[in-house]
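Secondary and tertiary structure notes
Take a look at the letters that make up each chain.
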Amino acid sequence: MGQIGGFLKINRAAIPYRDPRERVRDYDEFVVKRPDEELRAQGARCMECGVPFCHNGCPLGNLIPDWNDLVYRDRWRDAIRQLHATNNFPEFTGRLCPAPCEAACVLEINEGDAVSIKQIELSIIDRAWDEGWIKPEPPVVETGRSVAVVGSGPAGMAAAQQLRRAGHRVVLFERDEAPGGLVRFGVPDFKINKRIVDRRMQQLIDEGVELRCGVDVGRDITGDELRAQFDAVLLTTGSRVPRDLPVPGRDLDGIHFAMEYLYARTREIQRAQGIEPQVPGPEPDPITAKGKHVVVVGGGDTGADCVGHAIREGAESVVQLELLPEPPANRPDDRTPWPQWPAKFRLSYAMEEAQAVGRGRQEYSIVTTHFTGEDGRVKELHYARAEPNPPFSAIEGTEGTLRADLVLLAMGFLHPEHEGVVAQLNLELDRRGNIKAPTYETSTPGVFAAGDARRGQSLIVWAINEGRQAARMVDRYLHRISATPRPTVPAGNVSPADEGPEGPPGHTSGAMAVEK
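What you see is a predicted model, and the numbers here were worked out from it, not measured in a lab. (Residues numbered from 1 in each chain as written. Predicted model: local features only at pLDDT ≥ 70, side-chain atom pairs only at ≥ 80, totals over all residues. Heavy atoms only, no water.)

Moving on, we get to the overall build of the protein chain. A count of helical and extended segments in the protein chain gives 19 helices and 15 strands. Taken over C-alpha atoms, the radius of gyration comes to 23 Å for the protein chain, in line with the 24 Å a tight globule of 516 residues would show. Counting only C-alpha atoms, the protein chain reaches 70 × 60 × 45 Å along its principal axes. Burial analysis of the protein chain (516 residues in total) assigns 57% to the buried set. (Helix = DSSP H or I, 4+ residues; strand = E, 2+ residues; numbered from the N terminus. Rg over C-alpha atoms; globule rule 2.2 N^0.38 Å. Buried < 20%, exposed > 50% of the residue type's maximum accessible area, 1.4 Å probe, protein only.)

Moving on: the pairing of strand β10 (residues 366–374). Across eight bridges, the pairing between β10 and strand β11 (residues 377–385) is antiparallel. Bridged to F371 within β11 is L381. What sits between the antiparallel neighbours β10 and β11 is a turn of two residues, in which D375 has the positive phi angle 50°. (Pairing = 2+ DSSP bridges.)

For the rest of this paragraph, the subject is the side chain of D113. Turning to its location among the elements, D113 is positioned in the loop between α8 (100–104) and α9 (117–131). Here the side chain of D113 touches R45 through a polar contact of 2.9 Å, side chain to side chain. Excluding anything up to four places from it in sequence, D113 contacts R12, R45, L107 and E108. (Polar contact = N/O pair within 3.5 Å; in protein donor to acceptor, adjacent residues only side chain to side chain. Contact = heavy atoms within 4.5 Å.)

This next bit is on the packing of aromatic side chains. In the structure shown here, the tally under the stated rule is 10 aromatic pairs. Measuring from ring centre to ring centre gives 6.2 Å for Y27 and F190, while their planes differ by 35°; the resulting arrangement is tilted. Residue Y27 is located in the loop between α2 (20–23) and α3 (36–44), and its partner F190 is located in the loop between α11 (182–185) and α12 (194–206); the two are separated by 163 residues in the primary sequence. Members of the aromatic cluster, joined through ring pairs, are Y17, Y27, F30, F190 and Y349. The aromatic ring of F30 is capped on one face by R23, whose charged end is 5.0 Å from the ring centroid. (Phe/Tyr/Trp six-rings, centres within 6.5 Å; stacked < 30°, edge-to-face > 60°. Lys NZ or Arg CZ within 6 Å of the ring centre and 35° of its normal.)

One pass over the structure, following the stated rule, counts 44 salt bridges. Of the charged contacts in the structure, one is a salt bridge between E142 and R164, with a shortest N-O distance of 2.6 Å. You can see E142 sitting in the loop between α9 and β1 (146–150) and its partner R164 sitting in helix α10 (residues 154–165), a full 22 residues away along the chain. In this structure R164 comes out as buried when scored by relative accessible area, which is 9%. Here R385 ties to E363 by a salt bridge, and the two come within 3.6 Å at their closest N and O atoms. Placement of the pair is R385 in strand β11 and E363 in strand β9 (residues 360–363), with a sequence separation of 22 residues. (Salt bridge = Lys/Arg side-chain N within 4 Å of Asp/Glu carboxyl O.)

What follows deals with the packing of α3 against helix α5 (residues 64–72). At a minimum axis distance of 7 Å, the contact between α3 and α5 shows a crossing angle of 135°. If you check the angle between α3 and α5, you find them oblique. The element α3 and its partner α5 pack so that their crossing is left-handed. Of α5, the residues touching α3 (which contributes L39, R40, G43 and A44) are N68, V71 and Y72. (Axes fitted to C-alpha atoms, helices over the stretch in contact; angles between N-to-C directions. Parallel < 35°, antiparallel > 145°, perpendicular 65-115°, else oblique. Left-handed = near helix turned anticlockwise from the far one by under 90°.)

Along the chain, R18 falls in the loop between α1 (6–9) and α2. The exposure class of R18 is buried, given its relative accessible area of 15%. Only 2.5 Å separates the side chain of R18 from the side chain of D26, close enough to count as a polar contact. Polar contacts involving the side chain of R18 include one to the main-chain carbonyl oxygen of E29, which spans 3.2 Å.

On to helix α14 (residues 258–273). Helical geometry: 3.6 residues make up each α-helical turn, so side chains three or four residues apart lie on a common side. Taking 1.5 Å per residue, 16 residues should reach 22 Å; α14 reaches 22 Å between its end C-alpha atoms and fits that length. By the burial criterion, the buried members of α14 are A258, M259, Y261, L262, Y263, A264, R265, T266, R267, I269 and Q270. As for α14, its buried residues are in contact with α11, α12, β6 (255–257), α15 (301–313), β13 (406–409) and β14 (413–415). A positive backbone phi angle near 80° is found at G274, which sits one or two residues after α14. (Expected span 1.5 Å × (residues − 1).)

The alternating pattern of strand β12 (residues 400–403) places G400 and L402 on a buried face, while none of T401 and R403, on the opposite face, is buried. Summarising the sheet, β11 and β12 pair through four bridges and their orientation is antiparallel. Within β12, the residue paired with H382 across the bridge is T401.

Rendered as structure tokens:
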């Protein structure tokens, strides 16, 4: 374990951010990395509990006490081996995960005192890249079997890497012009620089994964053609159908889904940075917040990312609306006691920025009733205060209006797209519209599903876990249809393949909250 009694002697060090007034002027990552010596001290706080609840909080089953102790003992190379044993992409999770492991840390019984797990994880992987310890790991033996992985988000990338290392031929299909899925196009550069995504993707390519961008499976190649060309198919297409807001005036110009705006901003920024896509992409949509009064409908991480972009573009004002009541300031132990994910207020990085420059605010318990406009363009959002409980009906007499030149709908996602390959393969769906695949194999033999396409909108750690677990099941299937048995793909997670560990949230905001 770490330093005996270290948690009593060393205080928790919160994640440091750059000054909000400074960072709104650029698109650089805003998290400040602590020196290794400081993080070794943070690792010393880990008690290596007899029952490490942090394991339960992490969907990946990361061996957190192990690499905390290794960092404390300055054994960084051993630490990256332990980290990679369960997590293919710690540089993604270390930047984007809300850290349910910290909420489950035994020290978090005293709220706000958890081990700084997320910072330590990110420091391990960044140092490993800097030291040149991360190398391609191509398979020693080829199996002669082939797998098509459709969708290059974290679930697809993790599955592709696991299957390729098991010796299978893997082709990773992506309909956009570059890989990464929403990690690339939905998450801003100031949270994760896209060169980090490209660096990891290059490792997969060097290991033998074939990447085909600009291929829309279901249109450019049909589901039947895919099955004819490959021994197995794995769908990791994400949950991409957004939740709409069916109120009067929704069809006015200037009202967009959040992903339309975030995709446009990412394409514009990457073009300015000189980051070349794998294949030519479309021209960025002419959606801009510059000089406009912006309203973001939705209080989660996607909404926060819209706020962050709008402030950097030079929006005149930004208002973020949330349907639910404002959470309490501290963990409500009667509702979400430790080690559950606490339903408490967290100031997002983006709202901290908006407030710092005096151009933003966030409102809770707000229901949008309708939009009005002029000459076909939105001008006002009409709202009312919402009842505190479902169905969150409008309270009569609380109506109001907001000036709105641009409205961004960030209310989450419903399910994967059904048209195209899902329909062509005649896949059975669950009651929520996700692909039904209890143990990752769908109703069509040889076709598998993982990630948000299978479980619904969720966290990046769940996506990577799903990719790893699905790879294990695909590998078993390929063994069954092969004449010669071969070793299985290690999953690094001892929980049941379909259920995962209990405890962490299926989806939550707060991955980039401001820690006071």
